[in-house]
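A look at the structure
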Amino acid sequence: MASSHQSRFPMCTGVVPLLLMIHCRLVAGKALPVNNLSPMCENMNLCKLNVLEQTQKLVALLNATAQDLFSIYLDCQGDAFSSHLDELCNATTTDFPAFQVNRTSHKKEIMVALYKVFAFLNTSLGNITRDQEELNPTAKELLERLHNTTKTTRGLISNLTCLLCNKYNVSQVDVTYGKSSKGMNVFKKKQRGCQVLRRYVQVVSQAAHVLLPHLSQA
């Protein structure tokens, strides 16, 4: 074992300067460079000139369509959900990220808060869409709206990632992705979707209220 250990560091055996020994061991251990990019910012090119305007339009679009998406979802889940909305779809019981910024917050804080919200939403939409394709495969309008909302959300995340990496030098954001609905029974799947989408309506309205004035002044 001793000989094999020494063979890994042939330049570092014997009497050598301490700094050289440290250098050899770092190279052998493949130490990461200080400026190594995080996965969030890998392959990130410069943002398009109109990225702020695009972000504004995407948030406005999601805000304009959120209530209709929730209403159509509710109609497809059965009378129990419509008649017991507050009891079954209590939005405060979800782990949807809070949007705790306001118009006086720094733009960087707002972008980070937006990223957390829509990263969570993107994953949740995947769960909800999968469940509804199984539970309501003929509900074409609902499924189309879920797919369109997912597409818009992913475009927004792309813009936010570009802004965070290139404009605000943020390379890591702690995000929550929520619970997977796999393994839940039919009722729980419907309830989970109802809770998340109801909370989404509230949060995206807050986001639009806070974000749009900032972007219009950018």
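Refer to the preceding data block for the structure.
Criteria and thresholds
Residues numbered from 1 in each chain as written. Predicted model: local features only at pLDDT ≥ 70, side-chain atom pairs only at ≥ 80, totals over all residues. Heavy atoms only, no water. Disulfide = S-S within 2.5 Å. Helix = DSSP H or I, 4+ residues; strand = E, 2+ residues; numbered from the N terminus. Buried < 20%, exposed > 50% of the residue type's maximum accessible area, 1.4 Å probe, protein only. Salt bridge = Lys/Arg side-chain N within 4 Å of Asp/Glu carboxyl O.

1. Let's talk about the state of the cysteines
- Under the counting rule described, the total for this entry stands at three disulfides.
- A disulfide bridge connects Cys-41 with Cys-165, and the sulfur atoms are separated by 2.0 Å. Residues Cys-41 and Cys-165 are joined through a disulfide that is left-handed, its torsion about the S-S bond being -85°. Within this pair, whereas Cys-41 is found in the loop between helix H2 (18-28) and helix H3 (51-75), its partner Cys-165 is found in helix H7 (residues 140-167), the two being separated by 124 residues in sequence. Both residues of the pair, Cys-41 and Cys-165, count as buried.
- Each sulfur in the disulfide pair Cys-47 and Cys-162 lies 2.1 Å from the other. Its S-S torsion of approximately -125° makes the covalent link between Cys-47 and Cys-162 left-handed.

2. Section: the pattern of salt bridges
- All told, the structure shown has six salt bridges when counted by the stated rule.
- Here Glu-53 makes a salt bridge to Lys-57, at a shortest N to O gap of 3.2 Å. With Glu-53 and Lys-57 both in helix H3 and four residues apart, this pair spans about one turn of that helix.
- Assessed through its relative accessible area of 41%, Glu-53 is described here as partly exposed.
- With a relative accessible area of 53%, Lys-57 lands in the exposed category.
- Between Arg-198 and Asp-86 there is a salt bridge, with its nearest N and O atoms 2.7 Å apart. Of this pair, Arg-198 sits in helix H8 (residues 186-216) while Asp-86 sits in helix H5 (residues 85-88), and the two are 112 residues apart along the sequence.
- Arg-198 gets classed as buried once you look at its relative accessible area, which sits at 19%.

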